[in-house]
Amino acid sequence: MMTHDDVEGGNLGHYQDRPRTFPNMRSKPYTPVLVRALLGINVRVLFILLLLGLGAIFYIGASTSPIIVFVFTICIISFLFSIYLTKWVLSKDEGPPEMAQISDAIRDGAEGYFRTQYGTISKMAILLALVILCIYLFRTTTPQQESSGLGRSTSAYITVAAFLLGSLCSGIAGYVGMWVSVRANVRVSSAARRSAREALQVAVRAGGFSAIVVVGMAVIGVAILYAAFYVWLEVDSPGSMNVTDLPLLLVGYGFGASFVALFAQLGGGIYTKAADVGADLVGKVEQGIPEDDPRNPAVIADLVGDNVGDCAARGADLFESIAAEIISAMILGGTMAQRCKIEDPSGFILFPLVIHSFDLVISSVGILSIKSTRDSSVKSPIEDPMAILQKGYSITIVLAVITFCASTRWMLYTEQAPSAWFNFALCGLVGIVTAYVFVWITKYYTDYKHEPVRTLALASSTGHGTNIIAGVSLGLESTALPVLVISMSIVSAFWLGHTSGLVDEAGKPTGGLFGTAVATMGMLSTAAYVLTMDMFGPIADNAGGIVEMSQQPESVREITDVLDAVGNTTKATTKGFAIGSAALASFLLFSAYMDEVATFAHEPFKQVDIAIPEVFVGGLLGSMLIFLFSAWACSAVGRTAQEVVNEVRRQFIERPGIMDYVEKPDYGRCVAIVASASLREMIKPGALAIISPVVVGFLFRILGYYTGHPLLGAKVVASMLMFGTVSGILMALFLNTAGGAWDNAKKYIETGALGGKGSDCHKAAITGDTVGDPFKDTAGPSLHVLIKMLATITLVMAPVFL
């Protein structure tokens, strides 16, 4: 029996002979203040408050539109479904005590970092809210605002409230993603001892809970804000605001979501990859021990990183994607309805909310379609988890097509152009096909069943240098097909909208941009299922780590290795999906920005001439921003990883008994190093992204004032936004695909190919994976958040540039 003195002195004996003890990262578990306050309230009082809250929401919804009531109903049913998924996952056993101890250490480390990181982000958000308030209090008002009686102060407080609500909801989305992953990982590990199919089902349902909550919150957040403003401002009553102008008041919500998502992605990405690189370089390459060996001092930090970098950050990221897309589509729908003089424009404005409500329903069906085998005691051969997930995705896609066509007929039918709804349904189909093709392309370039990754693995057999060359060239090549697909999508969706029959007073077709917006909605119409597949990845990765650290039989590790490899592919496909949707959403937000500038300037603003030197310079600055941001994000990982490498080496030198299981590593020290460094390092690239467009626009506005070009600031920012979007899409595609391919080339060799684990080929593949880590999990995912944030910040700050 192990004594307390044995643990304190690090005299643990051989790990397989005795129970393992893993440290808590803090003295007590962390629960957010809001949750603690709710738990402190009497259950009956809480129930009454909940009923009153729901009653108020439905009352506001009923005062706005029956469509809003429909959206609220679907969202609340989806939240109840997510509670069912949580109870189902948490009802699964945690396995033997050593598994639970490792899981507790991961959970405490993740929650501790999350608390500190989001504390820092919340302070920055409050500071930025004050800056926005000052700008809006002193800016000019538009003719629409003057006619509706919406003064500067009201407009300022509305924008700041929307920004803070967007920030809060984005933070909650991130917390939900992390909360479930740190509780599901050990249950997946335990299920893997019984069958691969059960482990897959637990991981998918845990990811599904997070995805449903994230998408549901994005939808209900925008819907509540829209309905509250509609009732408060008495929209559409005589002398007040027109309903077609209302979506512009929601821009602050999208900006708040983007702001939090960028810092969550940056901080989480730096954390997870610095720990991963440090653990791999010393553990795998120098000491020759397995990836998640309990002797590696950085192993707990690496597993914590999966949760804060992939689950929390990706939850905030997808929340922001959906919120930005809904708001931009609502703005364009309202603008088009106004130009076409459509009697009831609410269908065109609220259409995005309905589409994402159906997304919750069809994705829930897709999640439930993945079932466990009836008799888990019968040992069957391991099925391909990717094929099972793909089957669920196919079901979701088919349902998406049906619900999308039904929604367009319900919401977008108008007497002015009876066949327009059919054109818009085809636009949605273009988006759905684009999403499917994007997922397939990313899978082709990152799954080791296909030629590109196998060729990359083969390049590892001739050394480290050839592996890097092959990975970089694969990443560069992988940008071609997605760009062709995006280009075809934008052109075809624009053409379908343009020929829908909707025309303005002068007889000019006006449906082109809205057609592109509908295609973006189509692409994101399966977002909840795609996010489920993404969340599955880090949960499976954590499960593999727990199995390795608790030294379970090899057969269990085989199951988690297969799930982990598939998780790498699903994470890469989600990033590809997010980049595609970011490209389309940014195009829409860019159009909304030009409309807003025209409204403030009281003159047309239809095009940007890059032959003007200052405008061309704006484009160069936009492209430079992408490269500089990527460089700072990658170098942040490198610097933090160096600290981890030095700490791990120090522990191996000063505690030689670690390798013989005699001394216990200091896991908490590595966690503390990575947490403080990632918080410090995320500030510089994040600040660059926020400040750059505002400074550039303001400086060129002053230059334009003195040179007699009043719109110069707005034009330069438009050029910066356009070039930044294009450069960002290409850079993100390159970074994400190259990183994913390097990771799975290593996984392919670890299956026994080309010499297997420990071979020179494997060591070269580890080098490639190390280089690819900051590419695919720090800089790459942060870039598509950056693209959308550039678009939303220019929308919010447009008055500064005029």
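Going by the structure above, here's the rest.
Quantities reported herein were computed from a predicted structural model and do not represent experimental measurements.

### Things to note about the overall build of the protein chain
Logical step 1: Secondary structure assignment for the protein chain yields 24 helices and zero strands.
Logical step 2: The C-alpha radius of gyration of the protein chain comes to 26 Å, within 12% of the 28 Å expected for a compact globule of 802 residues.
Logical step 3: Along the first, second and third principal axes, the C-alpha atoms of the protein chain reach 85 × 60 × 45 Å.
Logical step 4: Going through the 802 residues of the protein chain one by one, you find that 63% of them count as buried.
Logical step 5: Long-range contacts, defined as pairs at least 24 residues apart, comprise 84% of the intrachain contacts of the protein chain with a sequence gap of at least 6.
Logical step 6: Accessible surface computed for the protein chain: about 28,300 Å², of which carbon and sulfur atoms make up 65%.

### Focus: the packing of helix α4 (residues 66-90) against helix α7 (residues 152-192)
Logical step 1: Contact pair α4 / α7: the axes reach a minimum separation of 10 Å and the direction vectors enclose 35 degrees. Of the residues in α7, those in contact with T86, V89 and L90 of α4 are W179, R183, A184 and R187.
Logical step 2: Taken together, the residues of the contact of α4 with α7 break down into four nonpolar, one polar and two charged.

### Regarding the pattern of salt bridges
Logical step 1: Applying the stated criterion across every chain, the model contains 28 salt bridges.
Logical step 2: What you see here is one network of salt bridges that share partners, running through K273, D276, D564, D743, K746, K747, D769, D773, K776 and D777.

### Focus: the packing of aromatic side chains
Logical step 1: By the definition in use, this model includes 24 aromatic pairs.
Logical step 2: Measuring from centroid to centroid gives 4.1 Å for F114 and Y118, while their planes differ by 20 degrees, and the two rings are stacked. Residue F114 and its partner Y118 are both found in helix α5 (residues 97-137); the two are separated by four residues, about one turn of the helix. As far as the burial class goes, F114 and Y118 line up, both buried.
Logical step 3: Judged by centre distance (5.2 Å) and plane angle (75 degrees), the rings of Y444 and Y445 are edge-to-face.
Logical step 4: The rings of F163, F255, F259 and F263 are connected pair by pair, giving a single aromatic cluster.

### What to know about the environment of E554
Logical step 1: The topology assignment puts E554 in helix α19 (residues 554-601).
Logical step 2: With 146 residues separating them in the primary sequence, E554 and T408 have C-alpha atoms 52 Å apart.

### Overview of a nonpolar patch on the surface
Logical step 1: Nonpolar side chains collect at one region of the surface, where I691, V695, F698, L699, I702, Y705 and Y706 lie side by side and expose about 770 Å² of accessible area between them.
Logical step 2: Structurally, Y706 is set in helix α22 (residues 683-707).

Rules used in this analysis
Residues numbered from 1 in each chain as written. Predicted model: local features only at pLDDT ≥ 70, side-chain atom pairs only at ≥ 80, totals over all residues. Heavy atoms only, no water. Helix = DSSP H or I, 4+ residues; strand = E, 2+ residues; numbered from the N terminus. Rg over C-alpha atoms; globule rule 2.2 N^0.38 Å. Buried < 20%, exposed > 50% of the residue type's maximum accessible area, 1.4 Å probe, protein only. Contact = heavy atoms within 4.5 Å. Areas by Shrake-Rupley, 256 points an atom, 1.4 Å probe, with all protein chains shown as cover. Axes fitted to C-alpha atoms, helices over the stretch in contact; angles between N-to-C directions. Nonpolar A, V, L, I, M, F, W, Y, C, P; charged D, E, K, R; others polar. Salt bridge = Lys/Arg side-chain N within 4 Å of Asp/Glu carboxyl O. Phe/Tyr/Trp six-rings, centres within 6.5 Å; stacked < 30°, edge-to-face > 60°. Patch = residues over 30% accessible without salt bridge, like charges linked within 9 Å, V, L, I, M, F, W, Y side chains within 5 Å.

Honestly, it's all geometry; don't read function into it.
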